[in-house]
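# Reading the structure
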Amino acid sequence: GQQLNQSPQSMFIQEGEDVSMNCTSSSIFNTWLWYKQDPGEGPVLLIALYKAGELTSNGRLTAQFGITRKDSFLNISASIPSDVGIYFCARTRGAGSYQLTFGKGTKLSVIP
Amino acid sequence: DAGVIQSPRHEVTEMGQEVTLRCKPISGHDYLFWYRQTMMRGLELLIYFNNNVPIDDSGMPEDRFSAKMPNASFSTLKIQPSEPRDSAVYFCASTRDRDVGELFFGEGSRLTVL
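Residues numbered from 1 in each chain as written. Chains lettered and ligands numbered in written order. Predicted model: local features only at pLDDT ≥ 70, side-chain atom pairs only at ≥ 80, totals over all residues. Heavy atoms only, no water.

## Thoughts on the packing of aromatic side chains
Note the following rule: Working definition: rings of Phe, Tyr and Trp (its six-membered ring) pair if their centres are within 6.5 Å, and the pair is stacked with planes under 30 degrees apart, edge-to-face with planes over 60 apart, and tilted otherwise. Put simply, DSSP marks the helices as runs of H or I at least four residues long and the strands as runs of E at least two long, and each gets a number from the N terminus on. Accessibility here uses a 1.4 Å probe with only protein chains present; expressed as a share of the type maximum, an area under 20% marks a residue as buried, one over 50% as exposed, and anything in between as partly exposed.
Applying the stated criterion across every chain, the model contains 11 aromatic pairs over all chains. Ring centres of Phe88 of chain A and Phe102 of chain A lie 6.1 Å apart, and the angle between their planes is 85°; this geometry places the pair in the edge-to-face category. Highlighted residues: Phe88 of chain A in strand β9 (residues 85-92) and Phe102 of chain A in strand β10 (residues 100-102), separated in sequence by 14 residues. Summarising the burial analysis for this pair, Phe88 of chain A and Phe102 of chain A share the class buried. Seen in terms of ring centroids, Phe33 of chain B and Tyr48 of chain B are 5.2 Å apart; in terms of plane orientation they differ by 15°. Their pairing is stacked. Residue Phe33 of chain B is located in strand β4 (residues 31-38), and its partner Tyr48 of chain B is located in strand β5 (residues 42-50); the two are separated by 15 residues in the primary sequence. Here Phe33 of chain B matches Tyr48 of chain B in class, with each residue buried.

## Points about the sheet that holds strand β3 (residues 19-24) of chain A
All names here are of chain A. For clarity, the threshold we go by: Two strands pair if DSSP finds at least two bridges between them. Between the N-to-C directions of two axes lies an angle of 0 to 180 degrees, each axis being a line fitted to C-alpha atoms and, for a helix, fitted only over the stretch in contact.
Taken in spatial order, the five strands of this open sheet run β1-β3-β8-β7-β6, and their pairing is antiparallel. Single-partner strands in this sheet number two, and they are β1 (5-7) and β6 (55-58). Across the sheet, the axes of successive neighbouring strands diverge by a mean angle of 15°, strand direction being ignored. Pairing of β3 with strand β8 (residues 71-76), which is carried by six bridges, proceeds in the antiparallel orientation. Residue pairing for β8: Asn22 is matched across the bridge by Phe73.

## With respect to the sheet that holds strand β7 (residues 65-71) of chain B
Residue and element names in this part refer to chain B. Taken together, the four strands give an open sheet; going across it, the order is β1-β3-β8-β7, and neighbouring strands pair in antiparallel fashion. Two strands bound the open sheet, and with one partner strand each, they are β1 (5-7) and β7. When strand polarity is set aside, the average angle formed by the axes of neighbouring strands in this sheet is 15°. Where strand β3 (residues 19-24) and strand β8 (residues 74-79) come together, five bridges link them in antiparallel fashion. Residue pairing for β8: Leu21 is matched across the bridge by Leu77.

## A look at the layout of surface pockets
Put simply, the rule reads: Points on a 1 Å grid over protein atoms alone make up a cavity when a 1.4 Å probe fits among them but cannot get out, and a pocket when they form an open set with protein on both sides within 12 Å along at least five of seven lines; lining residues each have an atom within 4 Å of a point. Grid points are joined across faces, edges and corners, and a volume is the space filled by probe spheres set on the points. Polar here means any residue other than Ala, Val, Leu, Ile, Met, Phe, Trp, Tyr, Cys and Pro, which are nonpolar, and Asp, Glu, Lys and Arg, which are charged; Gly is therefore polar.
Size it by volume and the largest pocket reaches roughly 840 Å³. Lining of the largest pocket is provided by 34 residues; of these, Gln37, Ile86 and Phe88 of chain A together with Gln37 and Met39 of chain B occupy positions nearest its centre. Contributing elements (two or more residues each) for the lining of the largest pocket: β1, β9 and β11 (106-111) of chain A together with β4, β9 (88-95) and β11 (109-113) of chain B. Looking at side-chain class alone, the lining of the largest pocket contains 11 nonpolar, 16 polar and seven charged residues. In this structure, the second largest pocket encloses a volume near 460 Å³. Lining the second largest pocket are 18 residues, and of these Thr101 and Phe102 of chain A together with Arg41, Leu43 and Glu44 of chain B sit closest to its centre. Mapped onto the lining of the second largest pocket, the elements with two or more residues apiece are β10 of chain A together with β5 of chain B. When residues in the lining of the second largest pocket are grouped by element, the largest group, four residues, is from β5 of chain B. A per-class count over the lining of the second largest pocket returns six nonpolar, seven polar and five charged.

Put into structure tokens, the structure is as follows:
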């Protein structure tokens, strides 16, 4: 119940295309987070969502906290080569908790 | 400002040897986390500290693993003796009290145990 299921596991897209990935769980959460890991680096926070239904944008990235509080999606518009990397969803283990549990990630490859 | 600093970046060792990984968190951050990343299991939380005190070490695989934080600017993760299945990338991350959810990760230490 506490696992996060990310899909797809990997994707190959053409530069300029839009991308969509999602994360689901059987449990209800109060926070959804999206991180990106560049090759050879540590993950970096992209977007944080704190309320059910919340839709947040960060440049070409848009993420939504599902109404049921059991899912979230991340969209990337007009992909560019530097979007390559692994995208992780994550959630805190409880209200006010600083411990994060991560999904297995979606590996994105962008073909120029 | 400097980010989280980890050393070494790469370590290759033989089974049975002791391995020590080091981390300097961002100044002013009072939470420090050690994560392990493998293809099979993804990112797993091993242990975390608050104000240098270990809060939850339930993710530490077994007694061969130990972590310390002697002061606010330094932490170590030790594996003794190391085994091939310990091969992974080990990340240190830090955050401060008001930034729930935003962890700042180091570049990781890639460990290979032969």
